[in-house]
Amino acid sequence: MSFEIRKIVSYVEETLIEGGKATDTPVTMVGLAVVMKNPWVGNGFVEDLKPQIRANCSDLGAMMVERLVKLIGGAEKIEAYGKAAVVGADGEIEHASAVIHTLRFGNHYREAVKAKSYLSFTNKRGGPGTSIQIPMMHKDDEGLRSHYITLEMQIEDAPRADEIVVVLGCADGGRLHPRIGNRYIDLEELAAEKAQ
């Protein structure tokens with residue numbers, strides 16, 4: 001793999017109580033971050049980002065998915081998923097997007113978990129210690145609001161100005177005690193209201 005990786009960081013969070021109410025089934029969220037040198041920094045405005053994408057994004061995606069799946073205990077446990085990227089101050093948001101918004105990167109994840117939904121995402125600029133949010137949704141159903149969850153993490157020394165932090169997130173369930181319904185219930189209710 002040609003991307004220069006400085007470190008790989010993992011984060012695991014298990015929620016047992018929400019709103020003062022315990023659950024019989026805790027929800028585990030996992031984040032896996034790669035801190036890499038931004039390959040486009042220092043080259044002025046790069047018109048064509050695709051050579052680096054074609055050469056490196058597939059290998060990066062495959063490696064990250066393999067590690068993430070191991071952390072949560074198997075692809076079959078993943079119900080919700082998402083991705084994020086944070087570019088350092090010397091880079092462009094487009095550099096972060098170039099890594100994560102390509103099928104060469106994302107298809108490894110979708111195929112591993114047999115997903116139907118698109119990967120929800122964030123991409124932004126930030127400095128060392130910036131908050132990294134990985135929004136997630138159900139891997140098979142974009143309208144299932146119980147799985148609209150966000151994993152938040154940070155890396156104290158990343159991204160440096162010439163780096164990109166690339167992150168994959170997953171969860172083995174949705175929010176504890178979901179009770180706002182879903183998109184389909186809303187559509188039915190709105191249709192019923194219009195019919196009155």
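Residues numbered from 1 in each chain as written. Predicted model: local features only at pLDDT ≥ 70, side-chain atom pairs only at ≥ 80, totals over all residues. Heavy atoms only, no water.

Under an unreviewed UniProt entry, the chain has the name Amino acid synthesis and belongs to Pseudomonas taetrolens.

This next bit is on helix H3 (residues 103-112). When we look at burial in H3, the residues that qualify are Phe105, Gly106, Tyr109 and Arg110. Buried residues of H3 fall within an arc of 120° about the axis and therefore sit on the same side. With respect to the buried face of H3, the exposed residues turned more than 90 degrees away are Leu103 and Glu111. Where the residues of H3 are buried, they touch helix H1 (50-72), strand E3 (80-87), helix H2 (93-100) and strand E7 (163-171). Between the side-chain oxygen of the N-cap and the backbone nitrogen of Arg104 there are 3.2 Å, and the N-cap of H3 in question is Thr102. (Buried < 20%, exposed > 50% of the residue type's maximum accessible area, 1.4 Å probe, protein only. Helix = DSSP H or I, 4+ residues; strand = E, 2+ residues; numbered from the N terminus. Arc of directions from axis to C-beta. Contact = heavy atoms within 4.5 Å. Polar contact = N/O pair within 3.5 Å; in protein donor to acceptor, adjacent residues only side chain to side chain.)

On to the environment of Leu190, then. Here Leu190 is to be found in helix H4 (residues 183-195). For Leu190, a relative accessible area of 47% translates into the label partly exposed. Sequence separation of Leu190 and Arg175 is 15 residues, and the distance between their C-alpha atoms is 25 Å.

Looking now at the side chain of Thr102. Looking at where Thr102 falls in the secondary structure, it is placed in the loop between H2 and H3. Looking at Thr102, its side chain comes within polar contact range of the main-chain nitrogen of Arg104, at 3.2 Å. When residues no more than four places from it in sequence are discounted, the contact partners of Thr102 are Ile53 and Cys57.

The subject of this paragraph is the layout of surface pockets. Its volume calculated, the largest pocket comes out at about 210 Å³. Taken together, Glu13, Thr15, Glu18, Val27, Met29, Ile149, Gly174, Arg175, Leu176, His177, Pro178 and Arg179 form the lining of the largest pocket. Where the lining of the largest pocket is concerned, the elements lending two or more residues are strand E1 (5-18) and strand E2 (21-37). Counting residues per element, the lining of the largest pocket draws most heavily on E1, which supplies three residues. By residue class, the composition of the lining of the largest pocket is five nonpolar, three polar and four charged. (1 Å grid on protein atoms, 1.4 Å probe; cavity = no way out; pocket = protein on both sides within 12 Å on 5 of 7 lines; lining within 4 Å. Points joined across faces, edges and corners; volume = space filled by probe spheres on them. Nonpolar A, V, L, I, M, F, W, Y, C, P; charged D, E, K, R; others polar.)

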